[in-house]
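Here is what each chain is made of, one letter per residue.
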Amino acid sequence: MVRIILGSVTALALAAPAVAAPLAVRVVDAAGKPVRDAVVTFYPNGQARAPRAGGRYVISQKDLQFHPFLAVVPVGAEVSFPNLDNTRHHVYSFSPAKRFELKLFAKDQSRAVRFDRAGVVPLGCNIHDQMTAFVVVTDSVWTARTNAQGVAAFADTPGGPGRVTVWHPYLRAPGGKLQQALAAGQTRLNFSARLRPPAPAMHTDY
């Protein structure tokens, strides 16, 4: 489990279930190229398991950007927002999953927010319009980001049937999310995603 969020692959699985089943989810774009850093979540029917919210989670502001650009945290996580810039920031979100404002705070000051509802929370700065980032708040331990091959692999799911969702900040779909059903005994699933190009000010190397 990630303690300090640095934009690396995040896997929130905890103890293995009694009967573990592997699951590999591959995400490609319209040209068939792997999509990295898509957030994949598996919800088994009747066997949901929420991740623990313990740990330390940090999204810093440095060089007029949020770091990391994409963070995955469990429901109930408290995230710190330290300001490392020589200017003040005003961090906010109007997301239904978490609406908040951290009004002007200066260099070396920090604020914290508890994310108590699952969903995607876009972040912005009321002073610096180019600053954007996303927090994905998950309520399933089977949540991971795709790697450079576009694959999110789970070694210990309870198996299907269930539902698999894929979210990516540049995905062209309602809510930026796709989903498919996973049948009993199925261990692989493929998604084809249509992505829009990121805005020039947005991160492309998160």
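Residues numbered from 1 in each chain as written. Predicted model: local features only at pLDDT ≥ 70, side-chain atom pairs only at ≥ 80, totals over all residues. Heavy atoms only, no water.

Chemist: Quick one: what's the story with the overall build of the protein, residue by residue and with numbers?
Modeler: A tally of regular secondary structure across the protein gives zero helices and 17 strands. Put simply, the protein has 206 residues, and 48% of those count as buried. Surface accessibility of the protein: about 9900 Å² in total, with carbon and sulfur atoms responsible for 51%. (Helix = DSSP H or I, 4+ residues; strand = E, 2+ residues; numbered from the N terminus. Buried < 20%, exposed > 50% of the residue type's maximum accessible area, 1.4 Å probe, protein only. Areas by Shrake-Rupley, 256 points an atom, 1.4 Å probe, with all protein chains shown as cover.)

Chemist: Hey, could you go over the packing of aromatic side chains for me, with residue numbers and the actual values?
Modeler: Each pair of aromatic rings is reported with the distance of its centres and the angle of its planes. Counted according to the given criterion, the structure contains seven aromatic pairs. Arranged with centres 5.6 Å apart and planes meeting at 85°, the rings of Phe-69 and Phe-134 form a pair that is edge-to-face. Of this pair, Phe-69 sits in the loop between β5 (65–67) and β6 (70–74) while Phe-134 sits in strand β12 (residues 132–138), placing them 65 residues apart in sequence. By relative accessible area, which is 1% here, Phe-69 ends up buried. Pairing Tyr-92 with Phe-94 gives two aromatic rings, centres 5.0 Å apart and planes at 40°, and the pair type is tilted. Residue Tyr-92 is classed as partly exposed on the basis of its relative accessible area of 23%. Put simply, the rings of Phe-69, Phe-134, Trp-167 and Tyr-170 pair up and form one aromatic cluster. (Phe/Tyr/Trp six-rings, centres within 6.5 Å; stacked < 30°, edge-to-face > 60°.)

Chemist: With reference to specific residues and values, describe the sheet that holds strand β10 (residues 110–115).
Modeler: The strand order across the open sheet built from three strands is β3-β7-β10, with neighbouring strands paired in mixed fashion. The outermost strands of the open sheet, each flanked by one partner alone, are β3 (57–58) and β10. As paired elements, strand β7 (residues 77–82) and β10 share six bridges and run antiparallel to each other. Bridged to Phe-81 within β10 is Arg-111. (Pairing = 2+ DSSP bridges.)

Chemist: Account for unusual backbone geometry, naming residues and giving values.
Modeler: In this structure, Pro-68 follows His-67 across a cis peptide bond, with omega equal to 0°. Cis geometry is adopted by the peptide bond preceding Pro-161, which originates at Gly-160 and carries an omega value of 5°. Relative to the helices and strands, Pro-161 resides in the loop between β14 (151–157) and β15 (162–167). Although it is not a glycine, Asp-37 adopts a positive phi angle of roughly 65°. One can find Asp-37 in the loop between β1 (21–29) and β2 (39–44). Look at Asp-37 and you get buried, because its relative accessible area is 4%. With a phi close to 60°, Leu-64 is a non-glycine residue in the positive phi region. Its place among the elements puts Leu-64 in the loop between β4 (60–62) and β5. Residue classification places Leu-64 among the partly exposed positions, given a relative accessible area of 30%.

Chemist: Can you tell me about the pairing of strand β17 (residues 188–193), naming the residues and giving the values?
Modeler: Burial along β17 is one-sided: the face carrying Leu-189, Phe-191 and Ala-193 is buried and the face carrying Arg-188, Asn-190 and Ser-192 is not. Bridge count between β1 and β17: six bridges; the pairing is parallel. Each residue of the ladder has a partner; that of Asp-29, found in β17, is Ala-193.

Chemist: For the pairing of β6, give the residues involved together with the corresponding values.
Modeler: Consecutive residues of a regular strand have side chains that alternate between opposite faces of the sheet. Buried residues dominate β6, accounting for five of its five residues. The side-chain alternation of β6 yields two buried faces, one formed by Leu-70, Val-72 and Pro-74 and the other by Ala-71 and Val-73. Sheet analysis places β6 next to β12, joined by five bridges and oriented parallel. Bridge pairing in β12 places Val-73 opposite Val-137.

Chemist: I'd like a rundown of the nonpolar core, residues and numbers included.
Modeler: If you look at the biggest cluster of nonpolar residues, it comprises 30 residues, and the most contacted ones within it are Ile-59, Phe-81, Phe-100, Phe-115, Val-121, Leu-123 and Val-135. Per-element tally for this core: the top contributor is β12, with five residues. In this structure, Phe-115 is in contact with Pro-74, Val-75, Gly-76, Ala-77, Val-79, Phe-81, Lys-98, Phe-100, Val-121, Val-135 and Val-137, ignoring residues within four places of it in sequence. One finds Val-27, Val-40, Val-166 and Phe-191 within the second-largest nonpolar core, a separate group that totals 19 residues. (Core = buried A, V, L, I, M, F, W, Y, C linked by side-chain atoms within 4.5 Å. Contact = heavy atoms within 4.5 Å.)

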